[in-house]
Amino acid sequence: MTSKYKEKIGAIIIYLTLLVVALFCLVPFFFLLISSLRPGVEMIQNGISFQIDFSALNLKNYWLLVEGKDGIYPLWYINSVIITVAHTVFSLLFTSMVGYGLAIYNFKGKNLIFTIVLVVMMIPVEILILPLYKLAISIDLIDSYMGVILPFVVTPTCIFFFRQYAMSLPRELLDAGRIDGCGEFKIFFQIMMPLMLPAFGAMGILQAMSSWNSFVWPLIVLRSTDMLTLPIGLQSLITPYGNNYDLLFPGAVMSVIPIMILFIINQKAFISGLTVGGVKG
Amino acid sequence: MLEPPVVALNKSYNRLSKIKTLFACQKKAPYLFVLPFVVSFLVFFLYPIISTVIMSFQRIDGPESITFIGLKNYKNLINPHFFNALWVTTRYTFWTMLVLIPLPLLLAVFLNKKTTIGKKYFKSAFFMPALTSVIVAGLFFRLAFGEQETTLVNSILGVFGIKPMVWLQDPEGSMFAMVLLCTWRWLGVNIIYFLSGLQGIPVELYESASIDGANEIQQFWHITLPSLKPVIMYVLTISVYGGYSMFAESFALWSGPRSPGEIGMTIVNYLYQEGFNNNNLGFASAIGITLFVLVMIVNVIQLWVSGFFKKEGV
Amino acid sequence: MKKSLVLLLSLVLFLTMTVSGCGKEQRAADAKAGDGKATTLTFWTFQELHKNFIDDGVATWNTNHPDKPIVVKTEVYPYDEMHNKLLIAIQSGTGAPDMADIELGKFANFLKGSKPGLVEFNDVIEPVKDKLIMGRLENYAKSGKYYGLDYHVGAEVMYYNKEILDQAGINVNDIVTWDDYIAAGKKVVEKTGKPMTTLESMEKWSYYPLICMQGSDAMDKDGNVILDNAINVKTLQTLKDMLYKDKIAIITPGGHHHSEEYWAWMNKGNAASVWMPMWYMGRFVQYMPDLKNKIVIRPMPVFPGGKKSAGMGGTGTAITTQSKNIELAKQFLAEAKLSKEGSIKTWSLLGFDPIRSDAWSDPVMSAPNKYTDYFGTDIFITLKSVVGDIGSINVGPKFPDAMAQIEKNVIFKVLKEQSQSPEEALKVAADDVKAK
């Protein structure tokens, strides 16, 4: 009897903890959504608060998002989409190549390169922003999509993941491909890549997420108002001369939505993408 | 590891095009595969690092007035602002580790229990915040921690009869806000790390333990925790890395490196302020190099302790 | 199956490349837009309103000079980002616009080194020198060369909430010295329970003007740091006393007079006064609508032997040496900002106190607009009575640093945290600025 009783208490504690934490995680979304439906003036007066006049909620701010500031917000959205897609695609292509190369072949310098991959994985990019900025200026990458993408297209974390994944690829296929007269790259693209599809899914989503939300580097490399990505554009609405909450909140909500949809559609790939390295010893 | 057999067929050089041969050649192909990384490393990593090192010995007033000043930039690091930044960053890292390791571990254990229902929904809820950009999160937290009585946090405190607080002008209050912001965004990610670790623990271990009469808490201490050591080490590493390179959270809360009394000034914020706002490129480079060394030391120690070098066998 | 995958991948690659390519071309096309024969000038600013002012100036220019029409393409950036990007563009020798707004607090950063990346305005300033408040242009000068044209005088004034003072039975015009002000403050607190004023804990506007009005500064004329001199310490002590001894002031909600918390709070009529420069009028009109007709503008109280005002803040429009149309840009800016007509526009469009003194007596200035509707028609009477006292401040290379010290550390630690005494805080700050 006592053990049953104990179990019940345990279950209550577990669910209570889970519920409280879940509430903590979701409450900000609720307020972001509600705030996006309120006039920005109210935000200035009270901050984010429990006093909500539900009858005053309306979609006006979202309309402003399309029309306001000469339609700059849709432009930011397009910039973000282009940069995210291009970044993800190029990144997957290159890092899968590198990861595969490191896993399949034996060649001189392989260990050195792999060690470098591991080291670079552990360096915060923030240290490099100054020289990278100077470099970007000197090779004319400032204020362009390329400038945002190029320095971070070959992500070490992705390489690491693809390498781990490619280690488990069957070597027999490689030999069979060679006997059929396929070149090394043909083998990679036609035989191995399809086998690595789950890895592509996981890394693709991870890369898309980090690219969509990336802040530090785009903040520095982008210049013109019409080239900004969403996070930078939203940040630019916060000024010493009064924050534009009418645009900020609906803008923030809209920026979360696509990545949220992607997550809901493909939770599994998200999660396996994140467990890179976490499981290895 | 198996050495791939050399296939004679491939060696017929038809000279259709040089590129084709290059791509087909087994000896050169591996280098082509890793080429993107090598190029990217040289151009976007090694070169910038080297130029940072060089700049850290210079005083730069403009493209045409650069003077070599030796170690002066590093000597100038001995000032209260840098120490404050170091202290703020260290405290931040400490608190994020203290919260973001035990809490997600506990939640992961709860979620991993067979009897828990609604796991999928909890997991999604915990993970949602990780999908937002730091600017969106900062927007919410800045306003929720506003100083009026009506703001979210102050009105919650009001329920318990606590007076409203000026959070973002108080060292402890703002540290709390920063750590909470970080917790909100990264809790779900760490839960997933721990969950994947938990799923790797063989069920038999628990079964035999419960036959021996060990209760759940004992099982946690003697089986779960030791088995999760690699994951915990990994999360520890990324926490140190993330903590010391923190920039955007503070930037979002105070719209730039402008917290009062430098209560939210982290090392990278200091670097940004000196490099971009004050245009002391040389000095900022010295900050960057110092941070680099700091993070490397911490990482190497951590890897050493976890026996990483032995396993990977370079 | 495998083939289709490769096909799909290459298709995606191709698409993204063309799409990103498109983006670039689109922008290039945008930049070229406009009249074929008109010269395009680029202009960076951090203030949306300045864009409107420049646009208006362009319209005027094109009417007056049909032979050399111009198009100005303006980019409005956040404050920090604009200055950072401009600085690096100028340093790296590429990517700077033709013209840019540079805030006074940041200007010294652009004059470092032997050859500043900015163009001097001496030839357009000389002819009208006697009509300009030159002290305001000295702020943007180095070795006798003027590199920036300001928008306004930025005279420091007191904004009183007449309603509250009436309740306390105080006549605004009786407040002449700081002793009067403090005495009045005590009466206000006693009668209404509301503070006389608010003091910033995160920005410099409550403190810096007061030291300038007593002839002190952060640096002396030769650029030596005098941040911790007796006047500065005493003034800071006066402010601290207002908060904790006389109890006539409180720390500004939100930490500074540009925070939303403050605007919302002040709008409800919660404080009897605030001292800010003239350009702060715009914030009242925009963010504190409920105080309309309740606020009056009066000269600052004076310290014994001190001045009646000081020119505070400011933004210098500069031309970069990277511009391909330096001469044209200079003529345009001279017309837009230094001419009497242009100077009047800074009032009618921006609500600033014009930098040309002969503009003030112009009938246009007393014509009703949203500022006279809000504050009454005696704004320029107040301004005229104090302008003789406005000189320049000392902006050497250390100025940005000194201001950052005041804003981030001194004010906060003395007034808000009370963790340091005025002497200590100023000493630490002065040593810090000297060390750099």
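Residues numbered from 1 in each chain as written. Chains lettered and ligands numbered in written order. Predicted model: local features only at pLDDT ≥ 70, side-chain atom pairs only at ≥ 80, totals over all residues.

Per an unreviewed UniProt entry, chain C is named Extracellular solute-binding protein family 1, and its organism is Pelosinus fermentans JBW45.

Short version of the rule: UniProt positions are given in the numbering used here, feature names are shortened, and annotations may be inferred rather than shown by experiment.
Chain B has the name ABC-type transporter, integral membrane subunit in an unreviewed UniProt entry, where Pelosinus fermentans JBW45 is given as its organism. Here chain B is described in UniProt, under the heading Sequence similarities (unreviewed entry), as follows: "Belongs to the binding-protein-dependent transport system permease family." Entered under Subcellular location (unreviewed entry) in the UniProt record, the comment concerning chain B runs "Cell membrane".

### Structural notes on the overall build of chain B
Our working rule: Working definition: helices are DSSP H or I runs of at least four residues, strands are E runs of at least two. Numbering for both runs from the N terminus. Buried means a residue has 20 or more other C-beta atoms within 10 Å of its own C-beta, exposed means 12 or fewer, and partly exposed covers the counts in between; C-beta atoms are placed from the backbone. By the convention adopted here, residues make contact when the C-beta atoms placed from their backbones lie within 7 Å.
Secondary structure summary: chain B contains 16 helices and 2 strands in total. For chain B, with 314 residues in total, the buried portion stands at 44%. Taking the contacts inside chain B whose residues are at least 6 apart along the sequence as the reference set, 63% of them involve residues at least 24 apart.

### Quick word on the overall build of chain C
Let me state the cut-off plainly: Here the radius of gyration uses the C-alpha set of atoms, whereas the globule reference equals 2.2 Å times the residue count to the power 0.38.
From N to C terminus, chain C includes 20 helices and 12 strands. Taking 2.2 N^0.38 as the reference for a compact globule, 436 residues should give roughly 22 Å; the C-alpha atoms of chain C span a radius of gyration of 24 Å, in line with that estimate. Counting across all 436 residues of chain C, residues that qualify as buried make up 51%. Restricting the contact set of chain C to residue pairs at least 6 apart, pairs at least 24 apart contribute 75%.

### Focus: the sheet that holds strand 12 (residues 315-319) of chain C
Residues and elements named next belong to chain C. To be explicit about the condition: Between any two strands, pairing holds if DSSP finds at least two bridges. Comment: axis = line fitted to C-alpha atoms, over the contacting stretch for helices; angle = value between 0 and 180 degrees taken between N-to-C directions.
Taken in spatial order, the 5 strands line up as 2-1-3-12-6 in an open sheet, and their pairing is mixed. Edge positions in the sheet fall to strand 2 (70-76) and strand 6 (149-150), since each of these pairs with one other strand and no more. The sheet contact formed by strand 1 (residues 39-45) and strand 2 spans 7 bridges and is parallel. Counted as the bridge partner of Thr39 is Ile70 from strand 2. Most of the contacts of helix 13 (residues 326-338) go to strand 12, to which it runs at about 155°, and overall it touches strand 1, strand 2, strand 3 (99-103), strand 6 and strand 12.

### Regarding the sheet that holds strand 11 (residues 295-299) of chain C
Residue and element names in this part refer to chain C. An order of 10-7-11 is seen for the 3 strands of this open sheet, with the pairing classed as antiparallel. Pairing within the sheet leaves two strands with one partner each, and these edge strands are strand 10 (273-277) and strand 11. Taking the axes of each pair of neighbouring strands and ignoring which way they run, one obtains an average angle of 30° across the sheet. Across the sheet, helix 18 (residues 379-386) lies against strand 7 (156-161) and strand 11, angled at about 15° from strand 11, the strand it touches most.

### Section: the interface of chain B and chain A
Convention followed: Residues are grouped as follows: Ala, Val, Leu, Ile, Met, Phe, Trp, Tyr, Cys and Pro are nonpolar; Asp, Glu, Lys and Arg are charged; all remaining types, including Gly, are polar.
Chain B puts 80 residues into the contact, and the matching count from chain A is 79 residues. Per element, the largest residue contribution to the side of chain B that touches chain A is 16 residues, and it comes from helix 2 (residues 29-55) of chain B. Residue classes in the side of chain B that touches chain A are distributed as 55 nonpolar, 23 polar and 2 charged.

### A word on the UniProt feature "transmembrane region" (unreviewed entry) in chain B
Residues and elements named next belong to chain B. Residues annotated by UniProt as "transmembrane region" (unreviewed entry) correspond here to residues 29-50, 92-112, 124-145, 175-195, 231-254 and 281-305. For the annotated span residues 124-145, helix accounts for 68% and strand for 0% of the residues, and the straight-line distance between the end C-alpha atoms is 26 Å. In residues 175-195, the share of helix is 100% and the share of strand is 0%. The end C-alpha atoms are 28 Å apart.

### As for the pairing of strand 12 of chain C
All names here are of chain C. Along strand 12, 5 of the 5 residues are buried, which leaves the element largely enclosed by surrounding structure. Of the two faces of strand 12, the one holding Thr315, Thr317 and Ile319 and the one holding Gly316 and Ala318 are both buried throughout. Taken together, the 2 bridges between strand 6 and strand 12 define a ladder with antiparallel strand orientation. Pairing of Leu149 across the sheet is with Thr317, part of strand 12.

### Things to note about unusual backbone geometry
With phi around 55°, Glu262 of chain B is a residue other than glycine that occupies positive phi space. Following the sequence through the fold, Glu262 of chain B ends up in the loop between helix 13 (248-253) and helix 14 (267-277). Given 23 C-beta atoms within a 10 Å radius, Glu262 of chain B is considered buried. Positive phi, normally seen in glycine, also occurs at Gln418 of chain C, with a value near 55°. For Gln418 of chain C, the location among the structural elements is in the loop between helix 19 (399-416) and helix 20 (422-435). The exposure class of Gln418 of chain C is exposed, given the 11 C-beta atoms found within 10 Å.

### Remarks on the environment of Asp98 of chain C
Residues and elements named next belong to chain C. You can see Asp98 is positioned in the loop between helix 3 (79-92) and strand 3. Separated by 220 residues in sequence, Asp98 and Ala318 have C-alpha atoms that sit 8.5 Å apart. Residue contacts for Asp98: discarding those within four places in its chain leaves Leu41, Thr42, Phe43, Ile319, Thr320, Ser323, Asn325 and Ala329.

### Considerations on the interface of chain C and chain B
Counting from both sides, the interface comprises 26 residues of chain C and, opposite them, 18 residues of chain B. Elements that contribute at least two residues to the side of chain C that touches chain B include exactly helix 3, helix 19 and helix 20 of chain C. With 6 residues, the single largest contributor to the side of chain C that touches chain B is helix 19 of chain C. Taken together, the residues of the side of chain C that touches chain B break down into 6 nonpolar, 11 polar and 9 charged.

### Comments concerning the packing of helix 2 of chain B against helix 15 (residues 281-305) of chain B
Helices that pack against each other are described as a pair by the angle of their axes relative to one another and the distance between those axes. All names here are of chain B. Definition in use: Here roughly perpendicular refers to angles of 65 to 115 degrees, roughly parallel to angles under 35, roughly antiparallel to angles over 145, and oblique to all remaining angles. Helix crossings get a hand from a simple test, with the near helix turned counterclockwise from the far one by less than a right angle marking a left-handed crossing and a clockwise turn marking a right-handed one.
Between helix 2 and helix 15, whose axes approach to 7 Å, the crossing angle comes to 120°. The angle between helix 2 and helix 15 falls in the class oblique. The way helix 2 lies across helix 15 gives a crossing that is left-handed. Facing Thr52, Val53 and Met55 of helix 2, the residues of helix 15 in contact are Leu281, Gly282, Ser285, Gly288 and Ile289. Within the contact of helix 2 with helix 15, the residues separate by chemical class into 4 nonpolar, 4 polar and no charged.

### What about helix 13 of chain C?
Note that an α-helix has 3.6 residues per turn; residues three or four places apart therefore point the same way. Going by this rule: Every helix has an expected span of 1.5 Å times one less than the residues it contains.
An ideal rise of 1.5 Å per residue puts 18 Å on 13 residues; helix 13 of chain C measures up with 17 Å between its terminal C-alpha atoms. Listed as buried for helix 13 of chain C are Ala329, Phe332, Leu333, Ala336, Lys337 and Leu338 of chain C.

### Details of the UniProt feature "domain: ABC transmembrane type-1" (unreviewed entry) in chain B
Feature annotation in UniProt assigns "domain: ABC transmembrane type-1" (unreviewed entry) to the following positions: residues 86-302 of chain B. The span residues 86-302 of chain B is 73% helix and 0% strand, and its two end C-alpha atoms sit 20 Å from each other.

### Remarks on the domain arrangement of chain C
All names here are of chain C. The cut-off we apply is this: Segmentation into domains, and thus their bounds, comes from an automatic or database assignment.
According to the domain assignment, chain C contains domain 1 (37-153 + 313-373) and domain 2 (156-311 + 382-435). Inter-centroid distance (C-alpha atoms) of domain 1 to domain 2 is 28 Å. Contacts between the two partners involve 22 residues from domain 1 and, on the opposite side, 20 residues from domain 2.

### A look at the domain arrangement of chain B
Segmentation of chain B into domains returns domain 1 (8-55) and domain 2 (74-312). Computed over C-alpha atoms, the centres of domain 1 of chain B and domain 2 of chain B are 38 Å apart.

### Let's talk about the confidence of the model for chain B
Residue and element names in this part refer to chain B. The criterion, for reference: A residue's pLDDT is the confidence the predictor assigns to it, expressed on a 0 to 100 scale.
Per-residue confidence for chain B averages 84 on the pLDDT scale, and 89% of its residues sit at or above 70. Put simply, helix 16 (residues 308-312) is where chain B has its lowest mean pLDDT, 53, and helix 4 (residues 80-100) is where it has its highest, 94. The low-confidence segment residues 1-16, where pLDDT is below 50, has 14 contacts with residues more than four positions distant or belonging to other chains.

### Digging into the confidence of the model for chain C
Residues and elements named next belong to chain C. For chain C, the average pLDDT comes to 87, and 92% of its residues sit at 70 or higher. Long-range and interchain partners of residues 1-9, a stretch whose pLDDT sits below 50, account for 6 contacts in this model, where long-range means more than four residues apart. Across residues 11-35 the pLDDT falls below 50, and counting only partners more than four positions away or on other chains, this stretch makes 17 contacts in the model.

### A closer look at the environment of Trp186 of chain B
Residue and element names in this part refer to chain B. Within the secondary structure, Trp186 is located in helix 9 (residues 171-199). The exposure class assigned to Trp186 is buried, which follows from the 20 C-beta atoms found within 10 Å. With 14 residues separating them along the chain, Trp186 and Glu172 place their C-alpha atoms 21 Å apart.

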